[in-house]
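Per-entry structural report
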Amino acid sequence: MMNQETCIVVFSGGQDSTTCLFWAMKKFKEVIAVTFNYGQRHALEIECATAICKAHGIEHHILDMSLLSQLHPNALTHHALAVEAGGKGALPTTFVPARNLLFMSFAGAVAYNKGAKHLVTGVSEADFSGYPDCRDTFMKAMNVALNLSMDQAFVIHTPLMWKDKADVWALSDQLGKLDEIKEKTLTCYEGIIGDGCGTCLSCELRKKGYEAYMKSVNKS
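Keep in mind that this is a model prediction, so the values were computed, not measured. (Residues numbered from 1 in each chain as written. Predicted model: local features only at pLDDT ≥ 70, side-chain atom pairs only at ≥ 80, totals over all residues. Heavy atoms only, no water.)

**As for the overall build of the protein chain**
Tallying secondary structure elements over the protein chain gives seven helices and five strands in all. Secondary structure elements of the protein chain, listed N to C terminal, follow the sequence β-α-β-α-β-α-β-α-β-α-α-α. Residue burial in the protein chain is summarised as follows: out of 220 residues, 48% are buried. Across the protein chain, the fraction of contacts at a sequence separation of at least 24, relative to all contacts at a separation of at least 6, is 70%. Carbon and sulfur atoms make up 54% of the accessible area of the protein chain, which amounts to about 10,700 Å² in all. (Helix = DSSP H or I, 4+ residues; strand = E, 2+ residues; numbered from the N terminus. Buried < 20%, exposed > 50% of the residue type's maximum accessible area, 1.4 Å probe, protein only. Contact = heavy atoms within 4.5 Å. Areas by Shrake-Rupley, 256 points an atom, 1.4 Å probe, with all protein chains shown as cover.)

Set out below in structure tokens:
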């Protein structure tokens, strides 16, 4: 029988997934985090995720998804490739084909095992770099596929779907976790915790959102 008060959070230790973790902790009685080791550019992500879960007493599972690093070359799993934005209809070099398809499938398997009804992921169609597996239509289709594949009634929550980075900072502030997220998460492609290198694509997006949010706070 599925537990209505238990949720599985797909958790990387970055800004978005950490915001979702704290969002889930407010909404559900039991939160379980699932982190995927897929040969990502910086294993420090996993250490960040582990530290945050430990600090908040969250049950944490790390699953081996190293198969992803054997598939299509991308800048997240093939470290010799440069991180570059997409242009002329091309996706950024950081796009990992099938990543969210596999992540949600395995998170669904964990939910099945734990009897959890809810799954939470930090994908966004507002700041998604064009990744097709971050779109609302994909997540809705994934929800249907999970339910049909396991004969369950899972609910996938995407609390950041229509939020840009300024909105995500605003949500973290509403949750009372802005400082922790700013200082303890890893979003930087250069592997620097907190504010990061300040110049990579991910840091630029994060910094721009933070500045926009703080500007709006100072105006009010």
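**Some thoughts on the pattern of salt bridges**
A complete count under the given rule lists five salt bridges for this structure. Where Glu 59 meets Lys 114, a salt bridge forms, and the shortest distance between an N and an O atom there is 2.7 Å. Of the two residues, Glu 59 is situated in strand 3 (residues 59–64) and Lys 114 in helix 3 (residues 99–114); the sequence distance between them amounts to 55 residues. Of the residues examined, Glu 59 reaches a relative accessible area of 30% and is grouped as partly exposed. Overall, the relative accessible area of 34% leaves Lys 114 in the partly exposed class. Residues Asp 195 and Lys 182 are paired through a salt bridge, measuring 3.0 Å at the closest nitrogen-oxygen approach. Pair noted here: Asp 195 is in the loop between helix 6 (178–184) and helix 7 (201–219) and Lys 182 is in helix 6, with a separation of 13 residues, a long-range link. (Salt bridge = Lys/Arg side-chain N within 4 Å of Asp/Glu carboxyl O.)

**So, the sheet that holds strand 4 (residues 116–120)**
Spatial ordering of the open sheet is given by 3-2-1-4-5, a layout of five strands whose pairing is parallel. Of all the strands in the sheet, just strand 3 and strand 5 (155–157) have a single pairing partner and so form its edges. Shown here is a sheet whose adjacent strand axes are inclined to one another by a mean of 25°, direction ignored. Alignment of strand 1 (residues 3–10) against strand 2 (residues 30–37), held across five bridges, turns out to be parallel. Bridged to Ile 8 within strand 2 is Ile 32. (Pairing = 2+ DSSP bridges. Axes fitted to C-alpha atoms, helices over the stretch in contact; angles between N-to-C directions.)

**Re the nonpolar core**
One finds Ile 8, Phe 36, Met 104, Leu 119, Met 139, Phe 154 and Ile 156 to be the most contacted residues of the largest nonpolar core, which totals 32 residues. Of all elements in the fold, only strand 1, strand 2, helix 3, strand 4 and helix 4 (136–150) reach the threshold of two or more residues within this core. Apart from the residues lying within four places of it in its own chain, the contact partners of Ile 8 are Ile 32, Val 34, Ala 107, Val 110, Ala 111, Lys 114, Ala 116, His 118, Leu 119 and Val 120. Formed by 26 residues, the second largest nonpolar core is a distinct cluster that contains Phe 11, Trp 23, Ala 49 and Leu 160. (Core = buried A, V, L, I, M, F, W, Y, C linked by side-chain atoms within 4.5 Å.)

**A few points about the packing of aromatic side chains**
Tallying each qualifying case throughout the model produces four aromatic pairs. A centroid spacing of 6.4 Å and a plane angle of 75° characterise the contact between Trp 23 and Phe 28, whose relative ring orientation is edge-to-face. The buried category is assigned to Phe 28, whose relative accessible area is 8%. On the basis of an interplanar angle of 75° and a centroid distance of 5.1 Å, the ring pair of Trp 169 and Tyr 210 is categorised as edge-to-face. Here the residue Trp 169 occupies a position in helix 5 (residues 165–174), and Tyr 210 occupies one in helix 7, the gap between them amounting to 41 residues. (Phe/Tyr/Trp six-rings, centres within 6.5 Å; stacked < 30°, edge-to-face > 60°.)

**Brief notes about helix 1 (residues 15–27)**
For an α-helix the count is 3.6 residues per turn, leaving residues at separations of three or four pointing the same way. An ideal rise of 1.5 Å per residue puts 18 Å on 13 residues; helix 1 measures up with 19 Å between its terminal C-alpha atoms. Most of helix 1 sits out of view: 10 of its 13 residues are buried. Residues of helix 1 that are buried include every one of Gln 15, Asp 16, Ser 17, Thr 18, Thr 19, Cys 20, Leu 21, Phe 22, Trp 23 and Ala 24, and no others. (Expected span 1.5 Å × (residues − 1).)

Remember that the coordinates give geometry; whether it matters functionally is a separate question.
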